[in-house]
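Residue-level structure breakdown
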Amino acid sequence: VNAYSVSLVMICPAAAMAQVNALGAALGHSENEFGVPLSPTGEEPATHYGLHTWATEETALAWTEAETVGELTPEQTTAVRSMLIISPSEEMTGSDHFASVLVDNGLVRVESND
Amino acid sequence: MGGIPVTIADNGYPVTNDRTLGLPVTQAASGMHVTVVDAGGFPVAFVNDDLSADLTVAEGGGFSPSQLFSNGEAGAWFDPSDLTSMYQGRTGTTAAAVGSPVGQLLDKSGNSNHAVAPSDAARPILRQSGSLYYLEFDGVDDFLLTPNVPSLDFSSDFSLSLAMRFTGPTGFKAIAGKFVSNQQTGYDIGFSNGVPRWAVRGTSNIDTGTSGIGNQTNVDLALILSADPTQASREVNGTRVDRAGTWTAVPATSGFAIGRRGSDGSSYASMRLHNLVLRGGALGADRERLRTYLGSKIGVTL
């Protein structure tokens, strides 16, 4: 049985990173989860940040449906969640899933130099 | 009850007699795995006329990549077939299991260059196919990173060897490296439209480009990449292509990354990683043993 069966893509507006990271931290994740810079043209600056992960159903539900997360109120989690693009899938694979969500939302990976 | 005929054929090494093993089984043996380790240090080749058995050959008992580090050589060895060398948590908590993410991959070379995922989302997944194990990198944001240590900056002979499968997509996709793109320092391996491309960099570079090797997408590979100040070489499943040049190294201010190349976060490969050996010094006669070992990790006799 593969418990990590949900392909989960999430995209966060750059302006909302602080709030989203707070939700992520309340769920037990790091502050670096959204590691893929994105923009409508692929040019800097990044307007959004994305991630892909294989998640358990429990983790996916925590991101998508949980009303109370840590010390955040239901209103706060709802507000944060409204800023996120969240796409769980049990059909698509990781990179194909991520590419599909980018196309649907008019975003491209920023090819930045470090 | 019956027996499965297994013949150990002449494999090019000092095997003078074929031996037939009658392995007792109590029921149909489809899917059964047989592991044979020969005493001479090399895998044996099987002749199997009974297709009811699924035979798998383990690496020879006489060679382990740990031997490449027995004199204190610099480098790292990552072995996803050793489940005790992986943890789900990025801080080394919870043993990895098939189907779980891997947040920490221990270096088995003795150099303690352990590789760690920078986030939970960056963790690859441990998969199993038959008797083989590999880390599946998603090609989006999965990578593992060692600390930035000077011992992994090489300025003369060294090699980076992988048992792996590149699964896409097209374009340039980074596999591994200790590389800083805006300084053009360090070294990196990537696939350009499915062709492995290897570069060592500094004040003068050698970039093998893609010539001489075809598209290797979705092919199980034993890949040995080596370099010295006068050439960089790619060896794919025993076929070697050299590229002459001049390499004058400059250390890269990055850890060694697997899944992308150093600090360059713009390119990630979808891949299966079965094994990785990074090692300072010329391989010499160990190249053959290492090739055979890597082949065993992808189920190919080399």
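Details of the structure are given in the entry above.
We now turn to the structure provided with this report. All figures in this text were calculated on a predicted structure; none of them were measured in a lab.

Definitions and cut-offs
Residues numbered from 1 in each chain as written. Chains lettered and ligands numbered in written order. Predicted model: local features only at pLDDT ≥ 70, side-chain atom pairs only at ≥ 80, totals over all residues. Heavy atoms only, no water. Helix = DSSP H or I, 4+ residues; strand = E, 2+ residues; numbered from the N terminus. Buried < 20%, exposed > 50% of the residue type's maximum accessible area, 1.4 Å probe, protein only. Areas by Shrake-Rupley, 256 points an atom, 1.4 Å probe, with all protein chains shown as cover. Salt bridge = Lys/Arg side-chain N within 4 Å of Asp/Glu carboxyl O. Contact = heavy atoms within 4.5 Å. Core = buried A, V, L, I, M, F, W, Y, C linked by side-chain atoms within 4.5 Å.

1. As for the overall build of chain B
When helices and strands are counted, chain B shows one helix and 21 strands. Expressed as a percentage of its 302 residues, the buried residues of chain B come to 55%. Accessible surface for chain B amounts to roughly 11400 Å². Of this, 48% is attributable to carbon and sulfur atoms.

2. A short note on the pattern of salt bridges
All names here are of chain B. Considering all chains together, one arrives at 14 salt bridges over all chains under this definition. In this structure, Asp 79 engages Lys 108 in a salt bridge whose closest nitrogen and oxygen atoms are separated by 2.9 Å. Residue Asp 79 is found in the loop between β4 (75–78) and β5 (86–87), and its partner Lys 108 is found in the loop between β6 (104–105) and β7 (115–116); the two are separated by 29 residues along the sequence. Judged by relative accessible area, Lys 108 falls into the partly exposed class, the value being 26%. Residue Asp 82 is joined to Lys 108 by a salt bridge in which the shortest nitrogen-to-oxygen separation is 2.9 Å. Here the residue Asp 82 occupies a position in the loop between β4 and β5, and Lys 108 occupies one in the loop between β6 and β7, the gap between them amounting to 26 residues. In this structure, a network of salt bridges that share partners links the residues Asp 188, Arg 201, Arg 261 and Asp 264.

3. Some points on the environment of Leu 294 of chain B
Residue and element names in this part refer to chain B. Structurally, Leu 294 is set in helix α1 (residues 286–297). Classification of Leu 294 as buried rests on a relative accessible area of 0%. Between the C-alpha atom of Leu 294 and that of Leu 162, which follows or precedes it by 132 residues, the distance is 7.0 Å. Residues contacting Leu 294, with those up to four places away along its chain left out, are Ser 161, Leu 162, Ala 163, Ala 222, Leu 223, Ile 224 and Asn 275.

4. Quick look at the nonpolar core
Membership of the largest hydrophobic core comes to 49 residues, with the highest contact counts inside it found for Met 164, Ile 175, Trp 198, Ile 258 and Leu 276 of chain B. Setting aside chain neighbours within four positions, we find Met 164 of chain B in contact with Ile 175, Phe 191, Val 219, Asp 220, Leu 221, Leu 223, Met 271, Arg 272, Leu 273, His 274 and Ile 298 of chain B. Counting residues in hydrophobic clusters, the runner-up holds 16 residues, among them Ala 16, Phe 34, Val 69 and Leu 72 of chain A.

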